[in-house]
Amino acid sequence: MKRPGKKAATDRNFVVALSRGLDVLRAFRPNDGLLGNQEIAARTNLPKPTVSRLTYTLTKLGYLTPVPRFEKYQLAPSALLLGYAALANLGVRQLSEPFREQLMRETGGAVAIGGRDRLSMVYIGQSRHGVVNVQLDVGSRIPIATTAMGRAYIWALPEEERTALMRELREHYGNRWPKIRDGIERAGETVAEHGFTISAGEWQDDVHAVGVAMRLNDGTGPYAFNCGAPAFRFTEERLRTDIGPRLLAMVRKIEAAVGGLAPPTNQFSKEPSKKHKPGGKLARVAEGIR
């Protein structure tokens, strides 16, 4: 788990102890069950003595429940209430559900909506009845850099925010970054031409998906949707000619239903100028590589 950067650490308004406590809660993932201090320390990159004090404090506050028999912890109802409260306040999740269900029935793919959490996208709504090989659910995380949903989100960001994110991704992936950057660049070009992104086996070999971002005029988001299925069901050709256009049409309907689309940005122009065309050199400039 990425630690707060130097800028945050020197910010007088930034409470490091609170950040570390939240990192402990973030260490728990769907289907994890119980975690011990050693496992939490490994996931958060915090010293084990620090983790021990934090889990003790979070237990006293009611956010963790100790399981003495195994010397481990699980999330307590107080922590779960935070997540449910957040989901309840995401109106786009509830409003998009009938649209997602319809597309799922029409295509046979799993359809989800997600929002960003650091270098991941987190599912906040999922429709996947009977879709094999796609076992993600609400709360699941997927990488932002290699998935259709994540790449759609990247290219929906304002240029300054995308620049900062690209630099974080470059630092995170190290020597793997050039290949991953190429995929993000191609995604930007696909967004400019078709309005959606494609990830064909780039995250998981046997899963193909398309992604579409949603930017609303109330300042919330961006959010991103995906529609995926096993590779044998969603070939690259079908992604491009059938699934992608269907997902794009669905997202535009949802935007209209929740009050309209945010003003368009250059990267989504159907005929982008050479100066603003997504992908290629623009992605490298955005991450500070000339």
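Residues numbered from 1 in each chain as written. Predicted model: local features only at pLDDT ≥ 70, side-chain atom pairs only at ≥ 80, totals over all residues. Heavy atoms only, no water.

**Focus: a nonpolar patch on the surface**
Then comes step 1: A contiguous nonpolar surface patch, about 270 Å² in accessible area, is contributed by Val15, Leu18 and Leu22.
Then comes step 2: Here Leu18 lies in helix α2 (residues 16-26). (Patch = residues over 30% accessible without salt bridge, like charges linked within 9 Å, V, L, I, M, F, W, Y side chains within 5 Å. Areas by Shrake-Rupley, 256 points an atom, 1.4 Å probe, with all protein chains shown as cover. Salt bridge = Lys/Arg side-chain N within 4 Å of Asp/Glu carboxyl O. Helix = DSSP H or I, 4+ residues; strand = E, 2+ residues; numbered from the N terminus.)

**Description of the sheet that holds strand β6 (residues 197-200)**
Then comes step 1: If you walk across this open sheet you meet the 6 strands as β5-β4-β3-β8-β7-β6, and the pairing is antiparallel. One side of each edge strand has no neighbouring strand; the edge strands of this open sheet are β5 (141-143) and β6. Adjacent strand axes in the sheet meet at a mean angle of 35°, parallel and antiparallel pairs treated alike.
Then comes step 2: In terms of strand pairing, strand β4 (residues 120-127) meets β5 through 3 bridges, oriented antiparallel. Bridged to Ser120 within β5 is Pro143. (Pairing = 2+ DSSP bridges. Axes fitted to C-alpha atoms, helices over the stretch in contact; angles between N-to-C directions.)

**Focus: the pairing of strand β8 (residues 223-230)**
Then comes step 1: Summarising burial for β8: 8 of the 8 residues are buried, a large majority.
Then comes step 2: Relative to β8, strand β3 (residues 110-117) is paired through 5 bridges, and the arrangement is antiparallel. If you follow Ile113 over to β8, its bridge partner there is Phe225. (Buried < 20%, exposed > 50% of the residue type's maximum accessible area, 1.4 Å probe, protein only.)

**Re unusual backbone geometry**
Then comes step 1: Phi is positive for Glu71, close to 55°, though the residue is something other than glycine.
Then comes step 2: Relative to the elements of secondary structure, Glu71 occurs in the loop between β1 (64-67) and β2 (72-75).
Then comes step 3: Taking relative accessible area as the criterion, Glu71 reaches 68% and is therefore assigned exposed.

**Some thoughts on the nonpolar core**
Then comes step 1: Counting residues in hydrophobic clusters, the biggest one holds 25 residues, and the most contacted among them are Val111, Val210, Met214, Phe225, Cys227, Leu247 and Met250.
Then comes step 2: Those elements giving two or more residues to this core turn out to be α6 (91-107), β3, β6, β7 (207-214), β8 and α10 (236-257).
Then comes step 3: The element that contributes the greatest number of residues to this core is α10, accounting for 7 residues.
Then comes step 4: The contact partners of Cys227, leaving out residues within four places of it in the chain, are Leu103, Thr107, Gly109, Ala110, Val111, His208, Ala209, Val210, Phe234, Ile243 and Leu247. (Core = buried A, V, L, I, M, F, W, Y, C linked by side-chain atoms within 4.5 Å. Contact = heavy atoms within 4.5 Å.)

**A word on α6**
Then comes step 1: Here α6 spans 25 Å end to end across 17 residues, near enough to the 24 Å set by a 1.5 Å rise per residue.
Then comes step 2: Glu97 marks the point of greatest bend in α6, at about 40°, and the proline Pro98 comes within the next four residues.
Then comes step 3: Three or more residues of α6 are buried, namely Val92, Ser96, Arg100, Leu103, Met104 and Thr107.
Then comes step 4: Buried residues along α6 sit against β3, β4, β7, β8 and α10.
Then comes step 5: A positive backbone phi angle near 80° is found at Gly108, which sits one or two residues after α6. (Expected span 1.5 Å × (residues − 1). Bend = angle between axes of the 7 residues up to and from the residue.)

**Things to note about the pattern of salt bridges**
Then comes step 1: What the rule picks out here adds up to 14 salt bridges.
Then comes step 2: A salt bridge links Arg181 to Glu185; the nearest nitrogen and oxygen atoms lie 3.7 Å apart. Note that Arg181 and Glu185 are positioned in helix α9 (residues 177-194) at a spacing of 4 residues, about one turn of the helix.
Then comes step 3: Given a relative accessible area of 9%, Arg181 falls into the buried group.
Then comes step 4: Its salt-bridge partner being Glu255, residue Arg252 comes within 3.1 Å of it at the nearest N-O pair. Taken together, the residues span about one helical turn, with Arg252 and Glu255 both in helix α10 at a distance of 3 residues.
Then comes step 5: Among the charged side chains, a network of salt bridges with common partners joins Asp23, Arg26, Asp117, Arg118 and Arg141.

**Here's the deal with helix α3 (residues 37-44)**
Then comes step 1: Listed in full, the buried residues belonging to α3 are Asn37, Ile40, Ala41 and Thr44. For α3, the angular spread of the buried residues around the axis is 100°, confining them to a single face. Summarising the geometry of α3, the exposed residues directed more than 90 degrees from the buried face are Gln38 and Ala42.
Then comes step 2: Buried-residue contacts for α3 involve α2, α4 (48-61) and β2. (Arc of directions from axis to C-beta.)

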